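Fold and geometry: a report
Below are the chains, spelled out letter by letter.
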Amino acid sequence: MPAPPQNLPVTHWHDIYPGIDPTIHYKNQTYQNKVVLVTGASRGIGEETATFYARAGASLALVARTTDALKLVQEKIVKEVPSARVEVFTADVCESKQVKDAVEGAVEKFGRLDIVVANAGRADPWTIPFIEMEADTWWKTVEINLRGVYNAAHFSVPYLKKTSGYFVIISAALAQYIRPFTSPYAVSKHACGRLNEFIALENPEVKSFSIHPGAIMTALVDSNPQLAHMVSETVQLPAATLLRLTSGREDWLSGKFVDARWDLDEVEKVWKAKILEIDGLVNRFSVPL
């Protein structure tokens, strides 16, 4: 019996496509009066996502470990969107108190919290089996990718419940399959998928998604140059996808895994009923019936 498919048979996109065109959100200022907190906001997916939300009218709380890098992102966003309110908070997502202070600082500044994007993460070189890795190195990757998301959720979800808000986990395709030498990354991303399900289950007022952003030129590829040939998506793809996911159009996907490459119009038209019927797109034990 073949293994169950780990992907939806829908059109896969590599850049912004009509179904997630952010222009309408920019024009309508969809996220005006909304507050968006992004971890790992000092570069890459986090920076681009924050920029997209600012263009759509949101106020931003940018979180990362490096203050100077955060301030550069802040300056770039304000230069492009002069009306944007952007605050920066220096925090290591593994440090509970620092994350608590960042979340509470954002609420103190803006008075509310509507969307949290848990983007901070790490990947090691995928070149050796786990028994040859330093044990502390293996665990540090798991800690950043899992505890970092947990900390963000733990301290932000109580505020998101008040606004019927959104929590988004930046995951990876490796949350759904295994590849040699990737265990700390894959294990942590898989665990985040289950955490995503618990966020939605225990807090029905909050919509929560775990999303694969695509194969993008990020720090992961910097650590694994052998993967450079696989890079096929733009950093704008996940940013535009999040504008749609948190707009209210896709609340039925709460608690589920989503791939930014999927054509969301096809997913809704062709697969929505089937996904809801079997509670699909979640972590599940496969039994060969």
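In case you missed it, the structure is sitting above this.
Residues numbered from 1 in each chain as written. Predicted model: local features only at pLDDT ≥ 70, side-chain atom pairs only at ≥ 80, totals over all residues. Heavy atoms only, no water.

All right, on to the overall build of the protein chain then. Scanning the protein chain from terminus to terminus reveals nine helices and seven strands. A globule of 289 residues ought to have a C-alpha radius of gyration of about 19 Å, and the protein chain, at 18 Å, matches this closely. For the protein chain, the spread of C-alpha atoms along the principal axes amounts to about 55 × 45 × 40 Å. Out of the 289 residues in the protein chain, the part that is buried amounts to 51%. In the protein chain, the proportion of contacts linking residues at least 24 apart, taken out of those at least 6 apart, comes to 74%. (Helix = DSSP H or I, 4+ residues; strand = E, 2+ residues; numbered from the N terminus. Rg over C-alpha atoms; globule rule 2.2 N^0.38 Å. Buried < 20%, exposed > 50% of the residue type's maximum accessible area, 1.4 Å probe, protein only. Contact = heavy atoms within 4.5 Å.)

Let us now look at the sheet that holds strand E2 (residues 59-64). On the basis of which strands lie adjacent, the open sheet formed by seven strands has the order E3-E2-E1-E4-E5-E6-E7 and parallel pairing. Of all the strands in the sheet, just strand E3 (86-90) and strand E7 (256-259) have a single pairing partner and so form its edges. Taken over all neighbouring pairs, the strand axes of this sheet differ in orientation by 20° on average, direction set aside. Summarising the sheet, strand E6 (residues 207-212) and E7 pair through four bridges and their orientation is parallel. By the bridge assignment, Phe209 is partnered in E7 with Lys256. Contacting E2 and E3, helix H3 (residues 67-80) runs over the sheet at an angle of about 170° to E3. Here helix H6 (residues 183-202) sits on the sheet and contacts strand E5 (166-170), E6 and E7; the angle it forms with E6, its principal contact strand, is near 160°. (Pairing = 2+ DSSP bridges. Axes fitted to C-alpha atoms, helices over the stretch in contact; angles between N-to-C directions.)

Here the focus is the pairing of E5. A large share of E5 lies buried, amounting to five of its five residues. Where strand E4 (residues 115-118) and E5 come together, four bridges link them in parallel fashion. For Val117, the partnering residue across the bridge sits in E5 and is Val168. Note that the unit made of E4, helix H5 (residues 135-163) and E5 has a crossover that is right-handed. Bridging between E5 and E6 involves five bridges; their strand directions are parallel. Of the residues in E6, the one forming a bridge with Phe167 is Ser208. Assessed by its sense of winding, the connection that carries the chain from E5 through H6 to E6 is right-handed. (Right-handed = clockwise from strand over helix to strand, strands pointing away.)

The next thing to look at is H6. End to end, H6 covers 28 Å across 20 residues, agreeing with the expected 28 Å (1.5 Å per residue, within 8%). Among the residues of H6, Pro184, Tyr185, Ala186, Ser188, Lys189, Cys192, Gly193, Leu195, Asn196, Glu197, Ile199 and Ala200 are the ones counted as buried. (Expected span 1.5 Å × (residues − 1).)

On to the nonpolar core, then. Grouped together as the largest cluster of nonpolar side chains are 46 residues, with contacts concentrated most on Tyr53, Leu60, Leu62, Ile77, Val117 and Leu242. The dominant element in this core, judged by the number of residues it contributes, is helix H8 (residues 236-245), at six residues. Filtering out sequence-adjacent residues up to four positions away, Leu60 remains in contact with Val36, Ala50, Tyr53, Ala54, Ile77, Arg85, Val86, Glu87 and Phe110. The next biggest cluster of nonpolar side chains, apart from the first, holds 29 residues, and it includes Ala61, Ala106, Ala120 and Cys192. (Core = buried A, V, L, I, M, F, W, Y, C linked by side-chain atoms within 4.5 Å.)

Within the structure shown, the criterion is met by seven aromatic pairs. With a centroid separation of 5.0 Å and an interplanar angle of 80°, the aromatic rings of Trp138 and Trp139 are classed as edge-to-face. The interplanar angle of 15° and the centroid separation of 6.2 Å between the aromatic rings of Tyr166 and Phe209 together place this pair among those described as stacked. In this pair, Tyr166 is assigned in strand E5 and Phe209 in strand E6, connecting sequence segments 43 residues apart. Taken as a pair, Tyr166 and Phe209 share a single burial class, namely buried. Positioned above the aromatic ring of Tyr166 is the side chain of Lys207, whose terminal nitrogen or guanidinium carbon lies 4.8 Å from the ring centre. Positioned above the aromatic ring of Trp271, the side-chain terminus of Lys274 is 4.7 Å from the ring centre. (Phe/Tyr/Trp six-rings, centres within 6.5 Å; stacked < 30°, edge-to-face > 60°. Lys NZ or Arg CZ within 6 Å of the ring centre and 35° of its normal.)

The next point concerns a nonpolar patch on the surface. A cluster of nonpolar residues, Phe285, Val287 and Leu289, forms a patch on the protein surface that exposes about 440 Å² of accessible area. For Val287, the location among the structural elements is in the segment after helix H9 (264-278). (Patch = residues over 30% accessible without salt bridge, like charges linked within 9 Å, V, L, I, M, F, W, Y side chains within 5 Å. Areas by Shrake-Rupley, 256 points an atom, 1.4 Å probe, with all protein chains shown as cover. Salt bridge = Lys/Arg side-chain N within 4 Å of Asp/Glu carboxyl O.)

In this section: helix H4 (residues 96-110). Every α-helix winds through 3.6 residues per turn, so residues three or four apart in the chain are directed the same way. With 15 residues, H4 extends 21 Å between its outermost C-alpha atoms, agreeing within 8% with the 21 Å of an ideal straight helix rising 1.5 Å per residue. Among the residues of H4, Val99, Ala102, Val103, Gly105, Ala106, Val107 and Phe110 are the ones counted as buried. Summarising the contacts, the buried residues of H4 are in contact with strand E1 (35-39), E2, E3 and H5. Positive backbone phi, approximately 90°, marks Gly111, located one or two places after H4.

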